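# Topology and contacts: notes
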Amino acid sequence: MGNDVNALADSAQVLYDKGSYRLALENYQKLEAQNVLDSELFHNIGNCFTRLGDLGHAKLYFERALLFSPNNVDAQHNLDWVQMRLTDELVDPQPGLMEWLGSILRGQLDTDQWILLSLGVLVATCTLLVLRKTSMPKISWRWPLTTSLVALFLASLSWLSVPRINKSIVISPTSYGYSAPTESSKKLIALSAGSAGKMLESKGEWTQMELSDGRRAWFLSDQWKAIGINQKVDY
């Protein structure tokens, strides 16, 4: 599968360089369909959508690129460029505490690296315990206790660093918000592509969103996409 992924990525890049943005996008999306969760992949998909003039999807994928790698300077630059051109969209909702902490941690190490670090300290703890029981009984019990606590702390940081965010982006040109999950209810608001909100609840083909100003409305789910991969609403 590794060779197939590399071949698709190379083919997509060649197509992009030739200006065949639609074909490049199709190849990049094939990689995404194989659950390739990579900041550069999402950045490249965002570039394709930008070239095709679909700024709602472009914003979505630049946000995804930054979710997995907050230090992706190119993705941040391109997101800022897109934001300047999405003049009608609402101010984005602020991230929660857990989302903010996760972003800070991923800016230092990715989740896999945090896990490996905690496992390394755990192995050191086991080694100290074995040595204390066998050839080095004078090792103080404080050392394995300390390293085990450090391993537990690092494990908690690895859990916090898992990419997660409750934020969705409007990907259709216009998305209407209603007072109830039916088009026969009162129309409350019209949002343009690139607007963002937090998912609250889903019912059938409808999703209730909360906007940055506190307003809530029901929108057709297929007009929005969550930045988080496989995001589900918690009840």
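Refer to the structure presented above.
## Quick notes on the environment of Leu145
Within the secondary structure, Leu145 sits in helix α8 (residues 142–160). When the C-alpha positions of Leu145 and Ala75 are compared, they lie 42 Å apart, and in sequence the two are 70 residues distant.

## Things to note about helix α6 (residues 97–106)
Taken as a whole, α6 has its buried residues at Glu99, Gly102, Leu105 and Arg106. Projection of α6 onto a plane perpendicular to its axis shows the buried side chains occupying an angular sector of 125 degrees, all on one side. Buried residues in α6 make contact with α4 (55–68), α7 (111–133) and α8.

## Observations regarding the pattern of salt bridges
Going through the model one piece at a time under the given rule, you end up with 7 salt bridges. Residue Arg64 pairs with Glu32 through a salt bridge whose shortest N-O separation is 3.1 Å. A residue pair is termed long-range when its members are at least 10 positions apart, and Arg64 in helix α4 and Glu32 in helix α2 (residues 21–33) qualify at 32 residues. Residue Asp92 is joined to Lys167 by a salt bridge in which the shortest nitrogen-to-oxygen separation is 2.8 Å. Separated by 75 residues along the polypeptide, Asp92 in the loop between α5 (73–85) and α6 and Lys167 in the loop between α8 and β1 (168–170) bring together distant segments of the chain. Each member of the pair Asp92 and Lys167 is classed as buried. Salt bridges here are not isolated pairs; linked through shared partners, they connect Lys59, Glu63, Asp92 and Lys167.

## Overview of the layout of surface pockets
The space that makes up the largest pocket amounts to roughly 520 Å³. Along the walls of the largest pocket sit 21 residues, with Glu63, Leu66, Pro95, Ile165 and Lys167 positioned nearest its centre. Elements with a minimum of two residues in the lining of the largest pocket: α4, α5 and α6. Counting residues per element, the lining of the largest pocket draws most heavily on α6, which supplies 4 residues. Among the residues making up the lining of the largest pocket, the classes are represented as 9 nonpolar, 5 polar and 7 charged.

## Some points on the side chain of Asn47
The residue Asn47 is located in helix α3 (residues 39–51) in this model. A relative accessible area of 16% means that Asn47 is categorised as buried. Engagement of the side chain of Asn47 in a polar contact is seen with the side chain of Asn78, the distance being 2.9 Å.

## Here's the deal with the nonpolar core
Counting residues in hydrophobic clusters, the biggest one holds 31 residues, and the most contacted among them are Tyr28 and Ile45. When residues no more than four places from it in sequence are discounted, the contact partners of Tyr28 are Ala9, Ala12, Gln13, Leu41, Asn44, Ile45 and Cys48.

What counts, and where the lines are drawn
- Residues numbered from 1 in each chain as written.
- Predicted model: local features only at pLDDT ≥ 70, side-chain atom pairs only at ≥ 80, totals over all residues.
- Heavy atoms only, no water.
- Helix = DSSP H or I, 4+ residues; strand = E, 2+ residues; numbered from the N terminus.
- Buried < 20%, exposed > 50% of the residue type's maximum accessible area, 1.4 Å probe, protein only.
- Arc of directions from axis to C-beta.
- Contact = heavy atoms within 4.5 Å.
- Salt bridge = Lys/Arg side-chain N within 4 Å of Asp/Glu carboxyl O.
- 1 Å grid on protein atoms, 1.4 Å probe; cavity = no way out; pocket = protein on both sides within 12 Å on 5 of 7 lines; lining within 4 Å.
- Points joined across faces, edges and corners; volume = space filled by probe spheres on them.
- Nonpolar A, V, L, I, M, F, W, Y, C, P; charged D, E, K, R; others polar.
- Polar contact = N/O pair within 3.5 Å; in protein donor to acceptor, adjacent residues only side chain to side chain.
- Core = buried A, V, L, I, M, F, W, Y, C linked by side-chain atoms within 4.5 Å.

Any link to function would need more than the numbers given here.
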